[in-house]
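Chain and residue survey
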Amino acid sequence: MAETRATPSELLARAEADMDGLLGMDAVADAGDVLARDEWLDARAERVEAPGDKGKVRLVRRVTASNAGKIVGAKPFKSSPTMEEYARQVATGEDKLPLANVVRARWGHYMEPVAIKAVRDTFGHPTVGCNRMYADQTDPSISCTLDGVIIPSDDTFGSDYSLCHALVEKREDGEVLDVEWAERIARYLQNKIGTVGVLEIKTTGGFWVDKSLKTQPSEHSGTWGCPEVWAHQVQVQMNVCGLDWGMLAAVTQGNALRCWIVERDQKWYDEVFRPAVFQYQGALESYEYEHDQMMSAKESDGE
């Protein structure tokens with residue numbers, strides 16, 4: 001039998017199929033929690049087609065929450081592109097993920113339902129997967145896809161911090177695990193009963209999380225130290241979906257949970273992000289025109 005090798009586009013297609021099955025968490029989530037998710041989001045946000053359904057329409061000008069950091073110029077790594085560079089990459093098709101990144105992204109898809117359940121088991125409040133796309137009601141070019149939601153409830157089933165990323169604190173009587181960050185979040189969630197929050201999942205190496213905590217304080221208020229580029233993403237999700245708070249949950253090094261609370265910053269969205277989107281779309285249109293002209297010239301030379 002001939003050997004077959006998967007291309008990046010084929011792997012991404014498989015990842016979409018993975019999500020359809022793996023995130024069918026409605027089947028295992030409490031029906032009341034699923035209803036609460038739908039009522040909150042349907043009343044506040046405009047749902048659009050899933051990302052996998054957009055193949056027939058060119059929507060490169062759509063700005064997604066996951067790219068918010070690039071749009072506003074956040075550079076978590078030295079190699080991260082500026083907004084202008086990113087616009088050029090999108091216009092010329094150079095923004096495609098390397099194959100290794102696609103493989104890691106597919107593992108991330110597999111881990112999302114596990115992480116969503118881990119958040120529920122850690123804090124004792126219901127969580128429901130989502131994997132739906134929503135658009136800004138005043139600017140449909142801005143969109144987001146939610147991994148899930150968390151629904152603080154009076155009927156909590158207790159906290160269990162054994163899954164958490166913990167710091168080791170040395171004392172005279174021995175070592176203890178410090179999960180003060182998780183305890184703070186548990187207290188916060190108790191004050192959010194009756195509301196719904198965004199739940200964004202990340203799977204990453206612990207080194208990047210620790211480094212981000214030290215070197216990238218976010219400009220948003222109420223982020224609880226969330227790494228900047230992730231805080232931008234959750235901000236867009238909250239503003240698009242009309243929710244006031246969210247949680248970023250990262251599975252670090254494959255076996256530890258680290259979470260941050262992010263509160264909605266309307267001023268940043270209106271005064272920083274929206275103008276950046278306008279600048280990005282202008283740059284993208286310019287680079288698209290240049291690219292189309294260059295391709296037309298090549299075709300003419302070929303004739």
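Residues numbered from 1 in each chain as written. Predicted model: local features only at pLDDT ≥ 70, side-chain atom pairs only at ≥ 80, totals over all residues. Heavy atoms only, no water.

1. Here we look at helix α2 (residues 31–44)
- The terminal C-alpha atoms of α2, which comprises 14 residues, lie 20 Å apart, in line with the 20 Å expected from a rise of 1.5 Å per residue.
- Taken as a whole, α2 has its buried residues at Asp33, Val34, Ala36, Arg37, Asp38 and Leu41.
- Buried-residue contacts for α2 involve β3 (127–135), β4 (142–150) and α8 (228–241). (Helix = DSSP H or I, 4+ residues; strand = E, 2+ residues; numbered from the N terminus. Expected span 1.5 Å × (residues − 1). Buried < 20%, exposed > 50% of the residue type's maximum accessible area, 1.4 Å probe, protein only. Contact = heavy atoms within 4.5 Å.)

2. Some words on the pairing of β4
- For β4, the buried fraction is high: eight of the nine residues fall into the buried class.
- When strand β2 (residues 63–64) meets β4, the two strands line up parallel, connected through two bridges. The residue bridging Thr64 from the neighbouring strand is Ser143, located in β4.
- Where β3 lies against β4, seven bridges are found, and the strand directions are antiparallel. Its bridge partner lying in β4, Ala135 is registered against Ser143.
- Hairpin remark: β3 followed by β4, antiparallel, with six residues in the connecting loop.
- Pairing analysis gives three bridges linking β4 to strand β7 (residues 197–204), with the strands arranged antiparallel. Bridging across to β7, Gly148 finds its partner in Leu199. (Pairing = 2+ DSSP bridges.)

3. Things to note about the nonpolar core
- Among the nonpolar cores identified, the biggest contains 45 residues, and Tyr134, Leu146, Val236, Cys241, Phe273 and Tyr280 are the most heavily contacted of them.
- In contact with Leu146, other than residues within four places in its own chain, are Leu41, Cys130, Asn131, Arg132, Tyr134, Val198, Gln237 and Cys241.
- Membership of the second largest hydrophobic core comes to 23 residues, among which are Val119, Cys164, Met247 and Cys259. (Core = buried A, V, L, I, M, F, W, Y, C linked by side-chain atoms within 4.5 Å.)

4. Regarding the packing of aromatic side chains
- Per the stated rule, a full pass over the model turns up seven aromatic pairs.
- Ring plane angle 80° and centroid distance 5.3 Å describe the contact between Tyr188 and Trp224, whose orientation is recorded as edge-to-face. One end of the pair, Tyr188, is in helix α6 (residues 180–190); the other, Trp224, is in the loop between α7 (206–215) and α8, with 36 residues separating them in the sequence.
- A relative accessible area of 10% means that Tyr188 is categorised as buried.
- Ring geometry for Tyr269 against Phe273: centres 5.5 Å apart, planes inclined by 25°, an arrangement best described as stacked. (Phe/Tyr/Trp six-rings, centres within 6.5 Å; stacked < 30°, edge-to-face > 60°.)

5. Let's talk about unusual backbone geometry
- With a phi close to 55°, Asn131 is a non-glycine residue in the positive phi region.
- With respect to the element layout, Asn131 can be found in strand β3.
- One non-glycine residue, Trp224, adopts positive backbone phi at about 55°.

6. Here's the deal with the pattern of salt bridges
- Tallied over the entire structure, the rule returns nine salt bridges.
- Residue Asp121 pairs with Lys117 through a salt bridge whose shortest N-O separation is 2.8 Å. Of this pair, Asp121 and Lys117 both sit in helix α5 (residues 99–123), four residues apart, which is roughly one turn of that helix.
- A salt bridge links Arg274 to Asp270; its shortest N-O distance comes to 3.4 Å. Of this pair, Arg274 and Asp270 both sit in helix α9 (residues 266–302), four residues apart, which is roughly one turn of the helix.
- A relative accessible area of 25% places Arg274 in the partly exposed class.
- What you see here is one network of salt bridges that share partners, running through Arg37, Asp38 and Arg132. (Salt bridge = Lys/Arg side-chain N within 4 Å of Asp/Glu carboxyl O.)

7. Concerning the environment of Thr252
- By secondary structure assignment, the location of Thr252 is in strand β8 (residues 245–252).
- For Thr252, a relative accessible area of 1% corresponds to the buried category.
- Expressed as a C-alpha distance, the spacing of Thr252 and Lys202, which sit 50 residues apart in the sequence, is 8.3 Å.

8. Focus: the side chain of Arg132
- With respect to the helices and strands, the residue Arg132 is situated in strand β3.
- A relative accessible area of 13% places Arg132 in the buried class.
- One polar contact links Arg132 to Asp38, side chain to side chain, over a distance of 2.9 Å. (Polar contact = N/O pair within 3.5 Å; in protein donor to acceptor, adjacent residues only side chain to side chain.)

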